Amino acid sequence: MKGLNKVMLIGNLGKDPEIQTLEGGYAIAKFSLATSESYRDKNGVLQTETEWHNIIAWRGLAEVAAKYLKKGSTIYIEGKLKTRSYEDNNGVKKYVTEVIADKLLMLKD
C-alpha cells in the first residue's frame, strides 16, 4: 500500500523569508509560518493556541517568496513533511521537521 504525505496550511509569516542561492543557481527560501486555533475552555474563556511551522521553498517558489512575502503575510502552503537530523555542538542528535512547499498562494489579510 502506498502512503500519502500531504500538508495544507493557512497562516502568517513570522519573519521575512531567508533566501539563499545554492551551487547550480538554485534558490531556496526558508521562513516560519504561524497557524492559530481558537476555542473556549471549560470556563467559557476564549483560548488561542499557535503552532509554528518551518517552511522550505525551492526554485520558482523561492523566487516568489523572496519577491512578494514579508513578515505578517497571510499565505496558503501545500507541501509534504520532511524530517532531518543533525548533531549539535555537544554531539547530541537533534531532529527538525519541515514542510517542503510545492504550492504557495498569497492571501489577502
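Here, every reference points to the structure presented above.
Because the structure is a prediction, the values reported are computed rather than measured.

(A) Spotlight on unusual backbone geometry. For Arg59, which is not glycine, the phi torsion reads 50° and is therefore positive. Of note, Arg59 is situated in helix α1 (residues 59-68). Under the relative-accessibility criterion, Arg59 is labelled partly exposed at 44%.

(B) Structural view of the nonpolar core. Counting 18 residues, the largest nonpolar core has Phe31, Leu33, Ile55, Leu69, Ile75 and Ile77 as the members making the most contacts within it. For this core, the elements supplying multiple residues, two or more each, are β1 (7-13), β3 (27-40), β4 (46-58), α1, β5 (74-87) and β6 (93-107). If you tally residues by element for this core, the top one is β3, at 4 residues. If we skip the residues at most four places from it in the chain, Ile75 touches Leu9, Ile10, Gly11, Leu13, Phe31, Leu33, Leu69, Leu105, Met106 and Leu107.

(C) Quick peek at the environment of Leu4. Within the fold, Leu4 resides in the segment before β1. Residues Leu4 and Lys80, spaced 76 residues apart in sequence, show a C-alpha to C-alpha distance of 8.9 Å.

(D) Structural detail: α1. Considered for burial, the residues of α1 that qualify are Leu61, Ala62 and Ala65. Seen along its axis, α1 keeps its buried residues to an arc of 100°; they face one direction. Turned more than 90 degrees away from the buried face of α1 sit Glu63 and Lys67, all of them exposed. The inward-facing, buried residues of α1 abut β2 (18-21), β3, β4 and β6.

(E) Highlighting the packing of aromatic side chains. Overall, the coordinates contain 0 aromatic pairs when judged by the stated rule. Across from the ring centre of Tyr26, 4.3 Å away, lies the NZ or CZ of Arg59, which sits over that ring.

(F) Here's a closer look at the pattern of salt bridges. A full pass over the atoms with the stated rule returns 4 salt bridges. Across the pair Arg84 and Glu98 runs a salt bridge, and its minimum N-O distance is 3.0 Å. With Arg84 in strand β5 and Glu98 in strand β6, this residue pair connects regions lying 14 residues apart in the sequence. Take Arg84: its relative accessible area is 38%, and that puts it in the partly exposed class. Residue classification places Glu98 among the buried residues on the basis of a relative accessible area of 9%.

(G) The arrangement of a nonpolar patch on the surface in detail. Residues Ile10, Leu105 and Leu107 make up a contiguous nonpolar surface patch of roughly 260 Å² in combined accessible area. Here Ile10 lies in strand β1. Look at Ile10 and you get exposed, because its relative accessible area is 53%.

Rules of the game
- For every chain, the first residue of the written sequence is number 1, and numbering continues from 1 onward in sequence order.
- Local features in this predicted model are restricted to residues of pLDDT 70 or higher, and side-chain atom pairs are both shown and tallied only at a pLDDT of 80 or more, whereas totals for entire chains, interfaces and linings draw on every residue.
- Computation of side-chain values: all heavy atoms of the structure, hydrogens and water removed.
- Helix and strand definitions follow DSSP, with helices as H or I runs of at least four residues and strands as E runs of at least two, each counted in order from the N terminus.
- Only protein chains enter the area calculation, which uses a 1.4 Å probe; residues under 20% of their type maximum are buried, those over 50% are exposed, and those in between are partly exposed.
- To qualify as a nonpolar core, a set must consist of buried Ala, Val, Leu, Ile, Met, Phe, Trp, Tyr and Cys residues joined through side-chain atoms within 4.5 Å.
- We call two residues contacting when some pair of their heavy atoms lies within 4.5 Å.
- Here the arc refers to the set of directions running from the helix axis out to each C-beta atom.
- Aromatic rings from Phe, Tyr and Trp, taking only the six-membered ring of Trp, are treated as a pair when their centres fall within 6.5 Å; an angle between ring planes under 30 degrees marks them as stacked, one over 60 as edge-to-face, and anything in between as tilted.
- Only when the NZ atom of a Lys or the CZ atom of an Arg is both within 6 Å of the ring centre and within 35 degrees of the ring normal do we say a charge sits over the ring.
- We define a salt bridge as a contact between a side-chain nitrogen of Lys or Arg and a carboxyl oxygen of Asp or Glu at a distance within 4 Å.
- What makes a patch is a set of residues exposed beyond 30% relative accessible area and free of salt bridges, joined within 9 Å when like-charged and within 5 Å when nonpolar (Val, Leu, Ile, Met, Phe, Trp, Tyr).
- Here the Shrake-Rupley method, with its probe set to 1.4 Å, supplies the accessible areas, and only the displayed protein chains count as covering residues.

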